[in-house]
Amino acid sequence: QRQQPPILRYSSLEAASPATAAQFYRSFAKAAFLDAADGHAWAAELFLALGKTYEKEAHQQPERQLTLLQHATVCYQAAHKVGPNRHDVANQLGANLLQLDRVDEAVAALNAAIVSQPSTDAYRNLAEAYRRMGRVEQMNQAQAMASSLASQETHYSPERPEITYISPEEF
């Protein structure tokens, strides 16, 4: 037997719009994800991967983009709840919320990412959020932080790995 969201057990959504019904479903799905995770830290990685899968699919299926991005949001929110100190999860959640134009929520997630571990991507995403809000001074500060961090980053690639010579004596 399929599990029914609690809201449907106690009230009727017949008069609700499809968007409202979908919102109730997504709330139920997030709660079910968290319940299934049972507090295991590894669940954040699984939810993050599932969210990225939905996001990739959203970009390949424009006709379903909004729905798939909303599914990704549920996954990222669950991942953030399970792994609240994971900067990569918070940044991905913030970037996803920006795609949905949920700017205030994106700012909160991106600030959580930065508090956890400042990164160029998080500051760039935060700058975009502030730009959309018309907060020019904060946008400029976030862009400056992104530039500062980017200048300090080392860029490795399989084609150009960092090689450090160590003499046989040191080794």
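First things first, this report covers the structure right here in the doc. Keep in mind the model is a prediction, meaning the values are calculated, not measured.

## A look at the packing of helix H3 (residues 42-60) against helix H5 (residues 87-99)
Contact geometry of H3 with H5 gives a least axis separation of 11 Å together with a crossing angle of 30°. Comparing their axes, H5 and H3 come out roughly parallel. Judged by the sense of rotation from one axis to the other, the crossing of H3 with H5 is left-handed. Seen from H3, the contacting residues are Leu48, Lys52, Glu55 and His59; seen from H5, they are Asp88, Val89, Gln92, Asn96 and Gln99. Looking at side-chain class alone, the contact of H3 with H5 contains two nonpolar, four polar and three charged residues.

## Some words on the nonpolar core
The biggest cluster of nonpolar side chains holds 31 residues, and the ones touching the most others in it are Phe47, Leu98, Val107, Tyr123, Leu126, Tyr130 and Ala142. When residues of this core are traced back to their parent elements, those giving at least two are H3, helix H4 (65-82), H5, helix H6 (103-116), helix H7 (120-133) and helix H8 (136-152). Counting residues per element, this core draws most heavily on H6, at seven residues. With sequence-adjacent residues up to four places away left out, Val107 is seen in contact with Leu126, Ala129, Tyr130 and Met133.

## Thoughts on H6
With 14 residues, H6 extends 20 Å between its outermost C-alpha atoms, agreeing within 8% with the 20 Å of an ideal straight helix rising 1.5 Å per residue. All of the buried residues along H6 are Val103, Ala106, Val107, Ala109, Leu110, Ala113 and Ile114.

## What about H7?
Look at H7: 20 Å from first C-alpha to last across 14 residues, which is about the 20 Å you get at 1.5 Å a residue. Restricting attention to buried positions, one finds in H7 the residues Thr120, Ala122, Tyr123, Asn125, Leu126, Ala127, Ala129 and Tyr130. Those residues of H7 hidden inside the fold are in contact with H5, H6 and H8. One or two steps after H7, the chain reaches Gly134, where phi turns positive at roughly 75°.

## Notes on unusual backbone geometry
Residues other than glycine seldom take positive phi values, yet Asp101 does so here, at roughly 60°. Overall, Asp101 belongs to the exposed group, its relative accessible area being 54%.

## Quick word on the environment of Asn85
With respect to the helices and strands, Asn85 occurs in the loop between H4 and H5. Sequence separation of Asn85 and Val115 is 30 residues, and the distance between their C-alpha atoms is 8.7 Å.

Thresholds, definitions, all that
- Residues numbered from 1 in each chain as written.
- Predicted model: local features only at pLDDT ≥ 70, side-chain atom pairs only at ≥ 80, totals over all residues.
- Heavy atoms only, no water.
- Axes fitted to C-alpha atoms, helices over the stretch in contact; angles between N-to-C directions.
- Helix = DSSP H or I, 4+ residues; strand = E, 2+ residues; numbered from the N terminus.
- Parallel < 35°, antiparallel > 145°, perpendicular 65-115°, else oblique.
- Left-handed = near helix turned anticlockwise from the far one by under 90°.
- Contact = heavy atoms within 4.5 Å.
- Nonpolar A, V, L, I, M, F, W, Y, C, P; charged D, E, K, R; others polar.
- Core = buried A, V, L, I, M, F, W, Y, C linked by side-chain atoms within 4.5 Å.
- Buried < 20%, exposed > 50% of the residue type's maximum accessible area, 1.4 Å probe, protein only.
- Expected span 1.5 Å × (residues − 1).

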